[in-house]
Amino acid sequence: SLMYMRWWVVGVCFFWQALSPFFVAAQPKKTKKIKVDYLALAAVLVRDGHHTRALDALSKIDPRSPALKKPKNKIKYYTLYGIIRLKNKEYLEAARNFELSIHAGQKKPLVYLFLAQAYFRLTRYKQALRALAKAPREVEKIAGTFLLWGQTLVRLRRWRQAYDVFRRGQKLHPKVDV
């Protein structure tokens with residue numbers, strides 16, 4: 001029985017040795033460095049309302065990086081920073097970033113509304129009015145444009161102009177209380 005057991009152990013050892021190539025312990029694989037597009041990640045996070053996480057993603061981008069040399073990326077970078085700062089009630093930084101975005105070539109009309117909002121919150125009503133004046137006519141499709149525009153004129157004590165803006169907004173958006 002001892003002899004039988006010895007042959008059994010030898011047989012099992014040979015069996016495992018024969019199967020060992022199939023049961024090789026996982027060799028540490030060379031890990032590939034995954035390139036993360038923090039700008040795209042930040043855009044998705046802002047869209048989904050995760051502003052703090054988006055700010056973390058943007059902070060990982062070096063403003064002097066070659067990726068930001070492309071106008072499209074620079075525009076996106078400053079616009080996203082501006083939106084995050086606006087949501088975080090950091091109006092001065094928001095305005096600065098929106099101005100940089102426009103200077104870099106931002107053409108989207110909403111950026112002028114965001115800029116006007118930031119200036120309005122900073123009580124810089126003349127600058128808010130200038131931003132609204134530079135905005136393309138496309139922004140008139142947004143009812144809130146007239147509310148911001150009218151409120152800015154009220155703060156500047158331009159009562160008649162404010163009244164005209166509110167009336168115009170009411171004509172263009174009859175179902176919305178402007």
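Preceding this paragraph is the structure being described.
An account of the accompanying structure is given in this report. Along every chain, residues carry numbers that run from 1 in the direction the sequence is written. Since the coordinates come from a predicted model, pLDDT governs what is reported: local features require at least 70, and pairs of side-chain atoms require 80 or more to be given and counted, while whole-chain, interface and lining totals use all residues. Side-chain calculation: all heavy atoms of the structure are included, whereas hydrogens and water are not.

### Points about helix α9 (residues 159-172)
Step number 1: Spanning 14 residues, α9 covers 20 Å between terminal C-alpha atoms, matching the ideal 20 Å at 1.5 Å per step.
Step number 2: We call two residues contacting when some pair of their heavy atoms lies within 4.5 Å. Secondary structure elements follow DSSP: runs of H or I no shorter than four residues count as helices, runs of E no shorter than two count as strands, and numbering proceeds from the N terminus. Here the buried face of α9 lies against α8 (143-155). To estimate the expected span of a helix, count its residues, drop one, and scale the result by 1.5 Å.

### Some details on unusual backbone geometry
Step number 1: The phi dihedral of Lys89 is positive, around 60 degrees, even though this residue is not glycine.
Step number 2: Looking at the secondary structure, you find Lys89 in the loop between α4 (71-87) and α5 (91-104).
Step number 3: Even without glycine at this site, Arg157 takes up a positive phi of about 60 degrees.
Step number 4: Throughout, exposure labels follow a simple rule: accessible area from a 1.4 Å probe, protein chains only, divided by the maximum for the residue type, with under 20% read as buried, over 50% as exposed, and the rest as partly exposed. In this structure Arg157 comes out as exposed when scored by relative accessible area, which is 62%.

### A few points about helix α6 (residues 110-121)
Step number 1: For α6, which comprises 12 residues, the first-to-last C-alpha distance of 17 Å matches the rise-based estimate of 16 Å (1.5 Å per residue) to within 8%.
Step number 2: Of the positions making up α6, those classed as buried are Val111, Tyr112, Leu113, Leu115, Ala116, Ala118, Tyr119 and Phe120.
Step number 3: Buried residues along α6 sit against α4, α5, α7 (125-134) and α8.
Step number 4: In the stretch just after α6, Thr123 is the one whose phi turns positive, near 60 degrees.

### Concerning the side chain of Asn73
Step number 1: By the secondary structure assignment, Asn73 is in helix α4.
Step number 2: There is a polar contact of 2.9 Å between the side chain of Asn73 and the backbone oxygen of Ala67.
Step number 3: Not counting residues up to four positions away in its chain, the partners in contact with Asn73 are Leu39, Ala67 and Leu68. Each polar contact in these results corresponds to two N or O atoms within 3.5 Å; when the atoms are within protein, one needs to be able to donate a hydrogen and the other to accept it, and residues that are neighboring in sequence are counted only if both atoms are side-chain atoms.

### Examining the nonpolar core
Step number 1: Put simply, a nonpolar core is a bunch of buried Ala, Val, Leu, Ile, Met, Phe, Trp, Tyr and Cys residues held in one set by side-chain atoms that sit within 4.5 Å of each other. Ranked by internal contacts, the top residues of the largest apolar core, which has 36 residues, are Leu58, Tyr77 and Phe98.
Step number 2: For this core, the elements supplying multiple residues, two or more each, are α2 (38-47), α3 (51-59), α4, α5, α6 and α7.
Step number 3: Top contributing element to this core by residue count: α6, with eight residues.
Step number 4: Ignoring any residue separated from it by four or fewer positions in sequence, one finds Phe98 in contact with Thr79, Gly82, Ile83, Leu86, Val111, Phe114 and Leu115.
Step number 5: In this structure, Phe146, Ala162, Val165 and Phe166 belong to the second largest nonpolar core, which totals six residues.

### Overview of the side chain of Glu140
Step number 1: Inspection of the secondary structure assignment puts Glu140 in the loop between α7 and α8.
Step number 2: Ignoring any residue separated from it by four or fewer positions in sequence, one finds Glu140 in contact with Phe146, Trp149, Arg168, Leu172 and His173.

### A word on a nonpolar patch on the surface
Step number 1: Patch criteria: residues need more than 30% relative accessible area and no salt bridge. Like-charged residues are merged within 9 Å; nonpolar side chains of Val, Leu, Ile, Met, Phe, Trp and Tyr are merged within 5 Å. Here the open area of atoms and residues is found with the Shrake-Rupley method and a 1.4 Å probe, where only the protein chains shown may cover a residue. A pairing counts as a salt bridge when a side-chain nitrogen of Lys or Arg comes within 4 Å of a carboxyl oxygen of Asp or Glu. On the surface, Ile34, Val36 and Leu41 cluster together into a nonpolar patch covering about 290 Å² of accessible area.
Step number 2: Classification of Leu41 as partly exposed rests on a relative accessible area of 36%.

### Notes on the pattern of salt bridges
Step number 1: Tallied over the full model, the rule gives seven salt bridges.
Step number 2: Here Glu90 makes a salt bridge to Arg85, at a shortest N to O gap of 2.7 Å.
Step number 3: Exposure remark for Glu90: the relative accessible area of 30% places this residue in the partly exposed category.
Step number 4: Residue Arg137 is joined to Glu140 by a salt bridge in which the shortest nitrogen-to-oxygen separation is 3.0 Å.
Step number 5: According to the relative accessible area criterion, Arg137 is exposed, its value standing at 54%.
Step number 6: Given a relative accessible area of 12%, Glu140 falls into the buried group.
Step number 7: Salt bridges sharing partners connect three or more residues here, namely Arg137, Glu140 and Arg168.

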